[in-house]
Amino acid sequence: MDGNGRWARRKGLPRTEGHTAGEEALATIVRESAASNVGWLTAFGFSTENWVRPRTEVRHILSLHRKLFGRTEEMRQRNARTRWIGRPFHEKGAKTPIYVQRAIQRAIDDTKSGTGLTVTIAFDYGSRAELLRAVRHAMTQGPVSTDSIARNLYDPTMPPVDLLIRTSGETRISNFLLWQIKGARVHFTERTWPDFTAQEYRTSLTQYSKSHS
Ligand code: FPP
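These numbers were taken from a predicted model, which means no experiment stands behind them. (Residues numbered from 1 in each chain as written. Predicted model: local features only at pLDDT ≥ 70, side-chain atom pairs only at ≥ 80, totals over all residues. Heavy atoms only, no water.)

K.L.:
Please explain unusual backbone geometry as it appears in this structure.
P.N.:
Peptide bonds are trans in most cases, and residues, glycine excluded, mostly fall at negative phi. Here the phi dihedral of Asp124 falls at roughly 55°; this positive angle occurs in a residue that is not glycine. Within the fold, Asp124 resides in strand β3 (residues 117–125). The phi torsion at Leu177 lies on the positive side, around 50°, for a residue other than glycine. Along the chain, Leu177 falls in the loop between β4 (163–166) and β5 (185–188). (Helix = DSSP H or I, 4+ residues; strand = E, 2+ residues; numbered from the N terminus.)

Below, the structure is given as structure tokens:
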């Protein structure tokens, strides 16, 4: 979800406004996913590297996560459930503050009966940290294999990624689901995240379907 800052700068607004618009854009894409029968949607909400951003910006993004995780009623109406991946709260190095932990836990509990769409938010997440931990755990369980690493990912039930979307003209892969994106189609777009529309999302889904039919 790149480009919140750039979107705000172009409009002469503070970066925080860009993140607020970004959270709304994500809510739109969640609705569209439910309507389009997408099974799993995973969003990179906050990375292990994002903590170094200015305090006010971090605080604002965290409050947006509380807002996002608080959208439980709408999730239930859409038969969707919320999940989370990131550094487990009580492990060394984990940084999720207690109030975000509570919001995450409540969102998971309140939506667990959703059987349509699974929305996973990656918060305090980094793919390298996930993989390092998975390998360390796998080593305690016997010979390390691709299966044993996969079993020790933060959410071993998450299916491989079919489609990866990266906004704002960034054509790099970041520290996101590096194990899970093997074989994924990648949709790059010049649009900043707050300008990413349901229509462009539908187009990317159609292109994916065509490439797999
Ligand atoms: C990247 O844009 C975005 C982030 C680091 C945070 C993602 C947060 C949101 C989309 C808002 C809230 C979302 C949730 C999940 C509650 P950037 O700040 O790097 O923008 P720039 O590249 O233009 O500087």
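K.L.:
Explain the packing of aromatic side chains here, please?
P.N.:
Under the criterion given, the structure shown has 10 aromatic pairs. Look at Tyr125 and Phe176: their rings are 6.1 Å apart centre to centre, the planes differ by 85°, and that puts the pair in the edge-to-face class. Taken together, the residues span a long stretch of sequence, with Tyr125 in strand β3 and Phe176 in the loop between β4 and β5 at a distance of 51 residues. With respect to class, Tyr125 is no different from Phe176; both count as buried. Where Phe196 meets Tyr201, the ring centres are 6.4 Å apart and the plane angle is 65°; that geometry is what we call edge-to-face. Comparing Phe196 with Tyr201, the two get one shared label, buried. Grouping aromatic residues by their ring pairs yields a cluster made of Phe44, Tyr125, Tyr154 and Phe176. (Phe/Tyr/Trp six-rings, centres within 6.5 Å; stacked < 30°, edge-to-face > 60°. Buried < 20%, exposed > 50% of the residue type's maximum accessible area, 1.4 Å probe, protein only.)

K.L.:
Help me out: how do you make sense of the pattern of salt bridges in this one?
P.N.:
For the structure on display, the rule yields 18 salt bridges. As a salt-bridge pair, Arg202 and Glu32 come within 3.1 Å of each other at their nearest N and O atoms. One end of the pair, Arg202, is in helix α8 (residues 198–211); the other, Glu32, is in helix α2 (residues 15–35), and 170 residues separate them in sequence. Among the salt bridges present, the one from Glu57 reaches Arg53, with a minimum N-O distance of 2.8 Å. The structure contains a network of salt bridges with shared partners spanning Glu23, Glu24, Lys67 and Arg71. (Salt bridge = Lys/Arg side-chain N within 4 Å of Asp/Glu carboxyl O.)

K.L.:
Would you mind showing me how to read helix α6 (residues 127–139) here?
P.N.:
Owing to its 3.6 residues per turn, the α-helix aligns residues three or four sequence positions apart on the same side. When the terminal C-alpha atoms of α6 are compared, their 18 Å separation across 13 residues agrees well with the 18 Å that a helix rising 1.5 Å per residue should span. For α6, every residue scored as buried is listed here: Ser127, Glu130, Leu131, Arg133, Ala134 and Ala138. For α6, the angular spread of the buried residues around the axis is 165°, confining them to a single face. Exposed side chains of α6 directed beyond 90 degrees from the buried face belong to Arg128, Arg136 and Met139. Buried residues in α6 make contact with β3 and α7 (146–151). (Expected span 1.5 Å × (residues − 1). Arc of directions from axis to C-beta. Contact = heavy atoms within 4.5 Å.)

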